[in-house]
Amino acid sequence: MRLTESLSSHLAHIALEAIRKSGAEVRNDRLALAEIKKTLARHLDQDPKIDEAVRRRISSLQRRPPAGSSEYDVLYRQYYEQETRKHRP
């Protein structure tokens, strides 16, 4: 699912408001919104076919890194970029 800039911005503002309501202190709105947008894009702008291929590739490793670990995230980004390059027209 690809997000438009306006939808990404709208969702980021909603998330920032929810963070504030939870009692968390936000020192810099601009930086917080940018980080929220980056996170949304990273998780929502993924092609499901490529995502599945990457997850299969990671699960086939002899020593599987735990999901959510920094090692897993690095491998995921690396493999996702490689798969994206393979599938470009």
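This report concerns the structure included in the present document. (Residues numbered from 1 in each chain as written. Predicted model: local features only at pLDDT ≥ 70, side-chain atom pairs only at ≥ 80, totals over all residues. Heavy atoms only, no water.)

A few words on the overall build of the protein chain. If you tally the helices and strands in the protein chain, you get four helices and zero strands. The N-to-C order of helical and strand elements in the protein chain reads α-α-α-α. Expected size for 89 residues packed as a compact globule is a radius of gyration near 12 Å; at 16 Å, the protein chain overshoots this value by more than 25%. Per-residue burial for the protein chain yields a buried fraction of 24% across its 89 residues. If you take every contact in the protein chain between residues at least 6 apart in sequence, the share linking residues at least 24 apart comes to 51%. Surface exposure of the protein chain reaches about 6900 Å², of which carbon and sulfur atoms provide 53%. (Helix = DSSP H or I, 4+ residues; strand = E, 2+ residues; numbered from the N terminus. Rg over C-alpha atoms; globule rule 2.2 N^0.38 Å. Buried < 20%, exposed > 50% of the residue type's maximum accessible area, 1.4 Å probe, protein only. Contact = heavy atoms within 4.5 Å. Areas by Shrake-Rupley, 256 points an atom, 1.4 Å probe, with all protein chains shown as cover.)

This part takes up the packing of helix α3 (residues 48-59) against helix α4 (residues 70-87). Running from amino to carboxyl end, α3 crosses α4 at an angle of 130°, the nearest separation of the two axes being 9 Å. When the axis of α3 is compared with that of α4, the two are oblique. Crossing of α3 against α4: the hand is right-handed. Residues I50, D51, A53, V54, R55, R57 and I58 of α3 pack against Y72, L75, Y76, Y79, Y80, Q82, E83, T84 and H87 of α4. Considered class by class, the residues forming the contact of α3 with α4 number nine nonpolar, three polar and four charged. (Axes fitted to C-alpha atoms, helices over the stretch in contact; angles between N-to-C directions. Parallel < 35°, antiparallel > 145°, perpendicular 65-115°, else oblique. Left-handed = near helix turned anticlockwise from the far one by under 90°. Nonpolar A, V, L, I, M, F, W, Y, C, P; charged D, E, K, R; others polar.)

To continue, consider the environment of H10. Tracing the backbone through its elements, the reader meets H10 in helix α1 (residues 5-21). It is 9.9 Å that separates the C-alpha atoms of H10 and L33, two residues lying 23 residues apart in sequence.

Here we take up the packing of aromatic side chains. Evaluated as defined, the whole model comprises two aromatic pairs. Judged by centre distance (6.4 Å) and plane angle (20°), the ring pair of Y72 and Y76 falls under stacked. With Y72 and Y76 both in helix α4 and four residues apart, the pair spans about one turn of that helix. Relative accessible area serves as the criterion here: at 10%, Y76 is assigned to the buried category. Site record: aromatic cluster; members linked through ring pairs are Y72, Y76 and Y80. Its end group placed over the ring of Y79, R57 keeps NZ or CZ at 3.8 Å from the ring centre. (Phe/Tyr/Trp six-rings, centres within 6.5 Å; stacked < 30°, edge-to-face > 60°. Lys NZ or Arg CZ within 6 Å of the ring centre and 35° of its normal.)

Geometric descriptors of this kind do not, in isolation, establish any biological role.
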